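Overview (structure and organization)
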Amino acid sequence: MTKIVTVVGVGALGSHLVQFLRSENVSIRVIDFDRVEQKNVYSQFHSKPGVGKKKVTSLAQSIQMLFGTKIKTFSHKLTNDNQDALLGGDLVIDCLDNEASRILVQAWVRKHEVPCLHGALAPNGSFGRVVWDENFAIDSETELDAATCENGEFLPFIAITSAYLARAAQVFLLEGRKVGFEISPAGATQTQPDSSKHI
């Protein structure tokens, strides 16, 4: 049976993550209410023709056109009222950049015992994290990654972090193991289950 992966947020991390997961034997669902802005083109996997469109629509069109992969889209803001309808699957991956929505995701996956992987970026591109929910503490609003989307300065680092996020998801989907990573411009360290392993 094909597994279902739900990606919440398709901005900097999430948009790249989806294209890295495109060859996995999974059904990909994406949730994001936002629209593509011109500045997003510099550091997200969104193209100039997508500017003005819903991010989920733009991403779905790009993934379908470039790779022939179809993804299911939900262009809604996650709320208490719709979280049961939007969230779910065999794996939820949180690529959000705001505290309130992360709290909603974390509460829902814990209540329903759905595996959840969180991706996070420092605003200045100094580090990234790939953390399973049982070890994830939500940062305050000021510590999240909104500034990484302003220009293309951190694009390589965003893509590297997204690749490690995709790798953690791949290992879980194929082997059932949970691995996490701490990423810096100098390299990456595997944090789960063996905190001493350097990549």
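As a starting point, this report considers the structure included with it. (Residues numbered from 1 in each chain as written. Predicted model: local features only at pLDDT ≥ 70, side-chain atom pairs only at ≥ 80, totals over all residues. Heavy atoms only, no water.)

1. Details of the packing of aromatic side chains
Enumeration over the complete set of coordinates arrives at two aromatic pairs. A ring pair is formed by Trp132 and Phe172, whose centres lie 5.0 Å apart and whose planes are at 50 degrees; its orientation type is tilted. In this pair, Trp132 sits in strand β6 (residues 128-132) while Phe172 sits in helix α5 (residues 155-175), placing the two residues 40 residues apart along the sequence. Owing to a relative accessible area of 0%, Trp132 belongs among the buried residues under this scheme. (Phe/Tyr/Trp six-rings, centres within 6.5 Å; stacked < 30°, edge-to-face > 60°. Helix = DSSP H or I, 4+ residues; strand = E, 2+ residues; numbered from the N terminus. Buried < 20%, exposed > 50% of the residue type's maximum accessible area, 1.4 Å probe, protein only.)

2. A word on the packing of helix α1 (residues 12-20) against helix α2 (residues 55-67)
One way to put it is that α1 packs onto α2 with a least axis distance of 11 Å and a crossing angle of 30 degrees. Taken together, the axes of α1 and α2 are roughly parallel relative to one another. Judged by the sense of rotation from one axis to the other, the crossing of α1 with α2 is right-handed. Only Leu59, Ile63 and Phe67 of α2 make contact with α1, whose side of the interface consists of Ser15, Val18 and Gln19. (Axes fitted to C-alpha atoms, helices over the stretch in contact; angles between N-to-C directions. Parallel < 35°, antiparallel > 145°, perpendicular 65-115°, else oblique. Left-handed = near helix turned anticlockwise from the far one by under 90°. Contact = heavy atoms within 4.5 Å.)

3. Some thoughts on the nonpolar core
Judged by nonpolar contacts, the single largest core of 39 residues is most densely connected at Val7, Val18, Leu91, Ile93 and Leu117. By residue number, the principal contributor to this core is α5, which donates 10 residues. Once residues within four sequence positions are removed from consideration, Ile93 is found in contact with Val5, Thr6, Val7, Val8, Leu17, Leu21, Leu117, Leu165 and Ala169. Formed by 14 residues, the second largest nonpolar core is a distinct cluster that contains Phe74, Leu86, Trp108 and Cys116. (Core = buried A, V, L, I, M, F, W, Y, C linked by side-chain atoms within 4.5 Å.)

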